[in-house]
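Listed below are the residues making up each chain.
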Amino acid sequence: METVDGVFDVAVDGGLAYALSWRYGLRIVDVADPARPFEVGFYDPPERASAVAVADEIAYVCAVDLQLVDVADPSQPRLLGRWTQWDRGPDLPESLALDVWVVGDLAYVSTSTHELVILDVSDPAVPAEVGRYEGGGGGGRLIVRDDTAYIAAGFNGLRLVDVSDPTAPRPLGEYRSEAWRLNESNPGSSPAAEDLWLEDGVVVVAAGDDGVHVVDVTRPAQPRLVRRFAVPPVHNRHRPTIWSIAGAQGHLLLGSGYGVIEVVAIVDVLKPTDDDRTWVVPARTVETEGTVQALVLVGDRFYAAASFAGLRIFDLEAVLGN
């Protein structure tokens, strides 16, 4: 599906894909037949949107603030409630909701002012803040698993936050490469933690121009680099800038700024090394045209939020040649 312009994120629930466009809001797409997706409804937030998650027939939309949208009837989504930070005070910088992860009655929100905010959403009409950690956000995506929030915090690197007590989140550890530290004073480049994938005590970080970093988090207080790798150049150009990541069935999908998705074997990625070299890992290339801002893998299909190229749907088995 290429008709939705400016797609920056996508969530998939049941036979529906929720494609979030910065120009056209939240488009709800029937993908039961992936060869013939069609739009069934839309919700247009008043502000530019950046991320979406879906749980229990509610879409959580980051659009400056966090908006909770009833999608029980996908043809007529409606706003239930919203959480905003506009009451931060005149002396504090504007704070934007960048990403959201939902677990039960709690929503975890990373913000542009380096915070992780935890909200009680048991009453979606009145989401209420229950806890906040300063220093936990400010960049890309987040994952919450087993009482730990893993945050791709841009120049601030990979942050681990203990959320076992939602009212008092506390720092556990961090990993930050030297390139990311230097990038704070060089905004023209883009080595930073943008997205992440978590499996069996390992976080794989999509790091923009700095390739992909494999980080051991079995000891959360001391995250440790296991391997740094890149994929081969595309079309005889520079190596791709890696913006997004997803994984399953023994493979990682890496979304790049050159309009391609690189598919690499996890077994090639996780080989530990004793040096600081950047290894080149063989990859299969899938053309998407637009910058791949987000990837979602569901069963044997993967969905790409491909910016101006819209929502793209691929069959993983076909890509792997199985």
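Predicted, not measured: the structure shown is a model, and the values here were computed from it.

K.L.:
If you had to explain the overall build of the chain to someone new, which residues and values would you point to?
P.N.:
For the chain, the helix and strand inventory stands at three helices and 28 strands. A burial count over the chain gives 55% of its 322 residues as buried. Considering only intrachain contacts with a sequence separation of at least 6, the fraction spanning at least 24 residues in the chain is 44%. When the accessible area of the chain is evaluated, it comes to approximately 13800 Å², of which 48% is carbon and sulfur surface.

K.L.:
Talk me through the confidence of the model for the chain; I want residue IDs and the actual numbers.
P.N.:
In this model, the chain carries a mean pLDDT of 85, and residues with pLDDT of at least 70 account for 86%. Averaged over each element, pLDDT in the chain is lowest for helix 1 (residues 178-183) (65) and highest for strand 5 (residues 51-55) (96).

K.L.:
Tell me about the layout of surface pockets, and please be specific about residues and values.
P.N.:
By volume, the largest pocket amounts to about 750 Å³. What lines the largest pocket is a set of 27 residues, among which Val10, Trp101, Ile143, Leu295 and Val296 lie closest to the centre. Those elements giving two or more residues to the lining of the largest pocket turn out to be strand 1 (7-13), strand 5, strand 9 (97-103), strand 13 (142-145), strand 17 (191-199), strand 21 (242-248) and strand 26 (294-298). Here the lining of the largest pocket is composed, by residue class, of 21 nonpolar, one polar and five charged.

K.L.:
Could you give an account of the sheet that holds strand 12 (residues 128-134), with specific residues and numbers?
P.N.:
Pairing within the open sheet is antiparallel, and its four strands lie in the order 9-10-11-12. Each edge of the sheet is formed by a strand with only one pairing partner; in this case those strands are strand 9 and strand 12. Put simply, the sheet's adjacent strands are angled 20° from each other on average, direction ignored. Relative to strand 11 (residues 115-120), strand 10 (residues 106-111) is paired through five bridges, and the arrangement is antiparallel. Bridge pairing in strand 11 places Val109 opposite Val117.

K.L.:
Which residues make up a negative patch on the surface, and what values do they have?
P.N.:
On the surface, Asp13, Asp56, Glu57 and Asp105 cluster together to form a negatively charged patch. As for its placement among the helices and strands, Asp105 is situated in the loop between strand 9 and strand 10.

K.L.:
Describe the pairing of strand 15 (residues 158-162), naming the residues involved and giving the relevant values.
P.N.:
The buried count for strand 15 comes to five of five residues, which makes it a mostly enclosed element. Taken together, the five bridges between strand 14 (residues 148-152) and strand 15 define a ladder with antiparallel strand orientation. Across the sheet, the residue bridging to Ile151 is Arg159, located in strand 15. With five bridges connecting them, strand 15 and strand 16 (residues 170-175) associate as antiparallel partners. Looking at strand 16, one finds that Val161 is bridged to Pro171.

K.L.:
How would you summarise the packing of aromatic side chains if you had to cite specific residues and measurements?
P.N.:
Evaluated as defined, the whole model comprises one aromatic pair. Between the aromatic rings of Phe302 and Phe314, the centroid separation amounts to 5.1 Å while the plane-to-plane angle is 20°, which identifies the pairing as stacked. In this pair, Phe302 sits in strand 27 (residues 301-305) while Phe314 sits in strand 28 (residues 311-315), placing the two residues 12 residues apart along the sequence. Note on accessibility: Phe302 and Phe314 belong to one class, buried.

K.L.:
Before we move on, can you summarise the environment of Pro169 with the specific residues and values?
P.N.:
Relative to the helices and strands, Pro169 is located in the loop between strand 15 and strand 16. On the basis of relative accessible area, Pro169 is assigned to the buried category, the value being 10%. Taking C-alpha positions, Pro169 is 5.8 Å from Tyr133, a pair spaced 36 residues apart along the chain. Among all residues touching Pro169, those that are not within four sequence positions of it are Ile118, Gly131, Arg132, Tyr133, Val161, Asp162 and Val163.

K.L.:
Outline the sheet that holds strand 16, listing residues and values.
P.N.:
With antiparallel pairing, the four strands of this open sheet are ordered in space as 13-14-15-16. The open sheet is flanked by strand 13 and strand 16, the only strands paired with a single partner. The mean angle between the axes of side-by-side strands here comes to 20°, regardless of whether they run parallel or antiparallel.

K.L.:
Which residues make up the side chain of Asp216, and what values do they have?
P.N.:
Position of Asp216 relative to the elements: it lies in strand 19 (residues 212-216). Relative accessible area serves as the criterion here: at 15%, Asp216 is assigned to the buried category. Separated by 2.7 Å, the side chains of Asp216 and Thr218 make a polar contact.

K.L.:
For the environment of Ala35, give the residues involved together with the corresponding values.
P.N.:
Along the polypeptide, Ala35 turns up in the loop between strand 3 (25-30) and strand 4 (38-43). When the C-alpha atoms of Ala35 and Ile313 are compared, they prove to be 8.2 Å apart, with 278 residues separating the residues in sequence.

K.L.:
Account for the side chain of His213, naming residues and giving values.
P.N.:
Here His213 shows up in strand 19. Overall, His213 belongs to the buried group, its relative accessible area being 0%.

Rules used throughout
Residues numbered from 1 in each chain as written. Predicted model: local features only at pLDDT ≥ 70, side-chain atom pairs only at ≥ 80, totals over all residues. Heavy atoms only, no water. Helix = DSSP H or I, 4+ residues; strand = E, 2+ residues; numbered from the N terminus. Buried < 20%, exposed > 50% of the residue type's maximum accessible area, 1.4 Å probe, protein only. Contact = heavy atoms within 4.5 Å. Areas by Shrake-Rupley, 256 points an atom, 1.4 Å probe, with all protein chains shown as cover. pLDDT = per-residue confidence, 0-100. 1 Å grid on protein atoms, 1.4 Å probe; cavity = no way out; pocket = protein on both sides within 12 Å on 5 of 7 lines; lining within 4 Å. Points joined across faces, edges and corners; volume = space filled by probe spheres on them. Nonpolar A, V, L, I, M, F, W, Y, C, P; charged D, E, K, R; others polar. Pairing = 2+ DSSP bridges. Axes fitted to C-alpha atoms, helices over the stretch in contact; angles between N-to-C directions. Patch = residues over 30% accessible without salt bridge, like charges linked within 9 Å, V, L, I, M, F, W, Y side chains within 5 Å. Salt bridge = Lys/Arg side-chain N within 4 Å of Asp/Glu carboxyl O. Lys, Arg positive; Asp, Glu negative; His and termini not counted. Charge placed at Lys NZ, Arg CZ, Asp CG, Glu CD. Phe/Tyr/Trp six-rings, centres within 6.5 Å; stacked < 30°, edge-to-face > 60°. Polar contact = N/O pair within 3.5 Å; in protein donor to acceptor, adjacent residues only side chain to side chain.

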